[in-house]
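# Observations on the model geometry
Residue-level listing of the chains:
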Amino acid sequence: MTSNPFGRMITAMVTPMNDDGSIDYDGVQALAKHLVDNGHDGLVVNGTTGESATTTDEENVATVNAVVEAVGDRARITAGVGTNDTAHSVAAAEAIAAVGAHAVLIVTPYYNKPTQPGIIEHFRTVCAATGLPAMAYDIPGRTSMALASDTIRRLAEIPEMRAVKDAKGDLFEASKLMAETDLLWFSGDDVLNLAWLAMGASGVVSVVGHVAGKQFARMIAAVGAGDLETARSIHTQLIPAIEALMNTSQGAIMAKGAMKELGIIGSDHVRLPLLPITDEHRDVLRNGLTQAGLL
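It should be emphasised that the depicted structure is a prediction, and the values quoted were computed from it without experimental measurement.

### Comments concerning the UniProt feature "site: Part of a proton relay during catalysis" (unreviewed entry) in the protein
In the UniProt entry, the feature "site: Part of a proton relay during catalysis" (unreviewed entry) is given for Thr48 and Tyr111. From the list above, the largest pocket is lined by Thr48. Within the fold, Thr48 resides in the loop between β2 (42-45) and α2 (57-71). Taking relative accessible area as the criterion, Thr48 reaches 26% and is therefore assigned partly exposed. Setting aside anything within four residues of it in sequence, one finds Thr48 in contact with Tyr137, Arg142 and Gln250.

Next up, the structure:
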């Protein structure tokens, strides 16, 4: 089996902020420790849920450094470096490698609408910048550009490209690619975690993992052991929490609300154009977590 440099139970971590919008680095470290203490063997930092669209390069490096200092000896730290500018992504990858990130997450370039050959060269160039293991993030709902199957086959030829975080949701097509390549596959959509694991995915990159790391870790172990009854039971238990946290357009909103509700972080501030959790959504969150036995 191909070795896994990312971990299996991974959460795309929110970036804790103070009420004035500055990053709360003490909160970053406290959250990272909480997650690793609760079922995680990997974290994704500076991803979509980390509000990478509105954090600066300097903040991203400082956040990775804080997480590596806090838990880098206990979990694999993957840092998001994807932008729609290849040179910018290369510089980001070099900077996070310098502070100890173990791997990089590279999203499909957005807005520019490059050709598939252009996408391949973007990934190849960013991968070559550091030599760190890389995970391609396929999320056409945000980028408007899906990774074509032939593109993924080409990406599998890049030595550093080791995995796909799949938020496209075509399980059958992905099962063919898993059979044809040695790429590791990760669920990038919490509603499909059980389905992806049953199809042979190596793990999950989760938002709901903020509140359900231990449960998802048990699900991953159960599927690996062939115990689908237990895995289905965990999935059923977590349905209310999954529905609650994925209730808005951006997981950071509800995940920060949940972490504040549980006393893990001090503020649920998010940066514009995102707005903080509303009272209505907070009620939805509390009800979902309560029904799932997490609050």
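### Observations concerning the pairing of strand β8 (residues 203-206)
The alternating pattern of β8 places Gly203 and Val205 on one face and Val204 and Ser206 on the opposite face, and all of these are buried. Across three bridges, strand β1 (residues 9-12) lies against β8 in parallel orientation. Its bridge partner lying in β8, Ile10 is registered against Val205. As paired elements, strand β7 (residues 184-187) and β8 share two bridges and run parallel to each other. Paired with Ser187 across the strands is Val204, a residue of β8.

### Topic: the side chain of Asn46
Turning to its location among the elements, Asn46 is positioned in the loop between β2 and α2. For Asn46, a relative accessible area of 4% puts it in the buried group. Engagement of the side chain of Asn46 in a polar contact is seen with the backbone oxygen of Asn60, the distance being 3.0 Å. If sequence neighbours within four positions are ignored, Asn46 has contacts with Ser52, Asn60, Thr63, Val64 and Gly80.

### Considering the pattern of salt bridges
Applying the stated criterion across every chain yields a total of twelve salt bridges. Of the charged contacts, one joins Arg271 and Glu59 as a salt bridge, the two residues approaching to 2.8 Å between their closest N and O atoms. On the criterion of sequence distance, the pair formed by Arg271 in the loop between α11 (251-261) and α12 (279-291) and Glu59 in helix α2 is long-range, its members being 212 residues apart. For the pair Arg271 and Glu59, a shared accessibility class is recorded, and that class is buried.

### Here's the deal with unusual backbone geometry
Residue Pro273 is bonded to the preceding Leu272 through a cis peptide linkage, with omega at 15°. Looking at where Pro273 falls in the secondary structure, it is placed in the loop between α11 and α12. Phi at Tyr111 is positive, roughly 70°, even though this residue is not glycine. With respect to the helices and strands, the residue Tyr111 is situated in the loop between β4 (103-107) and α4 (116-130). Of note in the backbone geometry, Lys113 takes a positive phi value of approximately 55° without being a glycine. For Lys113, the location among the structural elements is in the loop between β4 and α4.

### Describing the UniProt feature "active site" (unreviewed entry) in the protein
Under the local residue numbering, the UniProt record ascribes the feature "active site" (unreviewed entry) to Tyr137 and Lys165. Separation in sequence by 29 residues is not matched in space for these annotated residues, since their most distant C-alpha atoms are only 4.8 Å apart. Among the annotated residues just listed, those lining the largest pocket are Tyr137. Among the residues examined, Tyr137 registers a relative accessible area of 6% and is labelled buried.

### A closer look at the packing of helix α1 (residues 25-37) against α2
It is the contact of α1 with α2, at a shortest axis distance of 9 Å, that shows an interaxial angle of 45°. It follows from the interaxial angle that α1 and α2 lie oblique. You can see that α1 and α2 cross each other, and the crossing is right-handed. Residues Tyr25, Val28, Gln29, Ala32, Lys33 and Val36 of α1 form the contact with α2, whose participating residues are Glu59, Ala62, Thr63, Ala66, Val67, Glu69, Ala70 and Val71.

### Details of empty space enclosed by the protein
Within the structure shown, the criterion is met by one cavity of 30 Å³ or more. Its volume calculated, the largest cavity comes out at about 40 Å³. Lining the largest cavity are Asp138, Ile152, Asp166, Lys168, Asp170, Glu173, Ala174, Leu177 and Trp185. If you tally residues by element for the lining of the largest cavity, the top one is helix α7 (residues 171-180), at three residues. Partitioned by chemical class, the residues of the lining of the largest cavity number four nonpolar, no polar and five charged.

### Some points on the nonpolar core
Ranked by size, the top nonpolar core spans 86 residues in total, and within it Leu43, Val67, Met161, Trp185, Val211 and Leu245 carry the most contacts. Among the elements that line this core, the one with the most residues is helix α9 (residues 209-224), at seven residues. If sequence neighbours within four positions are ignored, Leu245 has contacts with Val207, Val208, Val211, Met254, Ala255, Leu285 and Leu289. Formed by 14 residues, the second largest nonpolar core is a distinct cluster that contains Phe6, Leu105, Met135 and Ala163.

Cut-offs applied
Residues numbered from 1 in each chain as written. Predicted model: local features only at pLDDT ≥ 70, side-chain atom pairs only at ≥ 80, totals over all residues. Heavy atoms only, no water. UniProt positions renumbered as here; feature names shortened; annotations may be inferred. 1 Å grid on protein atoms, 1.4 Å probe; cavity = no way out; pocket = protein on both sides within 12 Å on 5 of 7 lines; lining within 4 Å. Helix = DSSP H or I, 4+ residues; strand = E, 2+ residues; numbered from the N terminus. Buried < 20%, exposed > 50% of the residue type's maximum accessible area, 1.4 Å probe, protein only. Contact = heavy atoms within 4.5 Å. Pairing = 2+ DSSP bridges. Polar contact = N/O pair within 3.5 Å; in protein donor to acceptor, adjacent residues only side chain to side chain. Salt bridge = Lys/Arg side-chain N within 4 Å of Asp/Glu carboxyl O. Axes fitted to C-alpha atoms, helices over the stretch in contact; angles between N-to-C directions. Parallel < 35°, antiparallel > 145°, perpendicular 65-115°, else oblique. Left-handed = near helix turned anticlockwise from the far one by under 90°. Points joined across faces, edges and corners; volume = space filled by probe spheres on them. Nonpolar A, V, L, I, M, F, W, Y, C, P; charged D, E, K, R; others polar. Core = buried A, V, L, I, M, F, W, Y, C linked by side-chain atoms within 4.5 Å.

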